[in-house]
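A structural walkthrough
Take a look at the letters that make up each chain.
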Amino acid sequence: MAEKELRKLKRRELLQMLLMQCEETEKLQQETDEMKEKMDAVLESYERLKKKLDVKDERLNEKDARIAVLKHEIDEMKTEKEAGETEAASIMDAVSWLSEIFEETRKALEQYMSNEKIQEIKKNPFEKGKAANTRKKQNLFRNGQIISMNPGQTANSLEDSSSSAENTDMECGMAAASGDIYG
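Model, not experiment: these values are computed from the prediction.

Some words on the overall build of the protein
From N to C terminus, the protein includes four helices and two strands. Helices (α) and strands (β) of the protein occur, in sequence order from the N terminus, as α-α-β-β-α-α. Within the protein, the proportion of its 183 residues that are buried is 4%. For the protein, the proportion of contacts with a sequence separation of at least 24, taken over those separated by at least 6, is 23%. Counting only carbon and sulfur atoms, one obtains 57% of the accessible surface of the protein, whose full area is about 17100 Å².

Structural notes on the pattern of salt bridges
For the structure on display, the rule yields two salt bridges. Residue glutamate 103 is joined to arginine 106 by a salt bridge in which the shortest nitrogen-to-oxygen separation is 2.3 Å. Note that glutamate 103 and arginine 106 are positioned in helix 2 (residues 11-123) at a spacing of three residues, about one turn of the helix. Salt bridges sharing common partners tie together Glu103, Arg106 and Glu110.

Concerning a negative patch on the surface
On the surface, Glu31, Asp33, Glu34, Glu37, Asp40 and Glu44 cluster together into a negatively charged patch. Tracing the chain through its elements places aspartate 33 in helix 2. Among the residues examined, aspartate 33 registers a relative accessible area of 35% and is labelled partly exposed.

Structural notes on a positive patch on the surface
A surface patch of positive charge is lined by Arg48, Lys52, Lys56, Arg59 and Lys63. Within the secondary structure layout, lysine 63 lies in helix 2.

Quick look at a nonpolar patch on the surface
Residues Trp97, Leu98, Ile101 and Phe102 make up a contiguous nonpolar surface patch of roughly 430 Å² in combined accessible area. Locating tryptophan 97 in the fold gives a position in helix 2. What makes tryptophan 97 exposed here is its relative accessible area of 53%.

Section: the confidence of the model for the protein
Low pLDDT marks regions whose predicted coordinates should not be analysed in detail. Of the residues in the protein, 67% have a pLDDT of 70 or more, and the chain-wide mean is 76. The spread of mean pLDDT over the elements of the protein runs between helix 4 (residues 165-178), the lowest at 47, and helix 2, the highest at 90. For the stretch residues 158-178, pLDDT sits under 50, and the model shows 15 contacts to residues farther than four places along the chain or on other chains.

About the cut-offs
- Residues numbered from 1 in each chain as written.
- Predicted model: local features only at pLDDT ≥ 70, side-chain atom pairs only at ≥ 80, totals over all residues.
- Heavy atoms only, no water.
- Helix = DSSP H or I, 4+ residues; strand = E, 2+ residues; numbered from the N terminus.
- Buried < 20%, exposed > 50% of the residue type's maximum accessible area, 1.4 Å probe, protein only.
- Contact = heavy atoms within 4.5 Å.
- Areas by Shrake-Rupley, 256 points an atom, 1.4 Å probe, with all protein chains shown as cover.
- Salt bridge = Lys/Arg side-chain N within 4 Å of Asp/Glu carboxyl O.
- Patch = residues over 30% accessible without salt bridge, like charges linked within 9 Å, V, L, I, M, F, W, Y side chains within 5 Å.
- Lys, Arg positive; Asp, Glu negative; His and termini not counted.
- Charge placed at Lys NZ, Arg CZ, Asp CG, Glu CD.
- pLDDT = per-residue confidence, 0-100.

Okay, here's the thing in C-alpha cells:
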C-alpha cells in the first residue's frame, strides 16, 4: 500500500493490519522453525549415513585390496602350475627318451649276445661241454670245504643227500688226497 492510503486509514484499521502482520510473521516464523528442525534432522541423518558410507567405503577398499592380492596370488599359482606342467612335460620327455635309449641298448645287447653265441658255435661246434645234454661235474665251496656235485644235481638236493658233515669231510679228503679238484 502506498503512504497516502495508509494515512487515510483509521487507527483501528491500522492496528488490525499490524495484528494480522504479526500473526502472519509468527506463522511464518513457526514454519521456518519447523523447517529448520526438519533440516537439522535431515542433516543429522545425512551425517550418520555419511559416516556409515565412509565405513562401508573403507571396508570395500580393504576388500578390493584383498581381492587384488588374491588375484595376484592366483596369477602366481597359475604361472607356477604352468611351469610345473612344462617341467613335468620335460621330465616325461626325458623319461621317454631314456626308455627309448635303454630299449635300443637292450636290443643291441641281445643282438650282440646272439651273434656271439653264433660265432662261438661256428668256431667249434663239437667242443667238450658244448654238446647237448653234456655237463661237467661241478664243485661247490661251502664253509671252506669242497663239495662235489654230479650233473643235474642242485645245491638243495646235495644238502638232502648228505646227511652228516662226516660224509662231506670224507669226500673232501679224497679229492684233496688224489689231487683231483674236479672230483
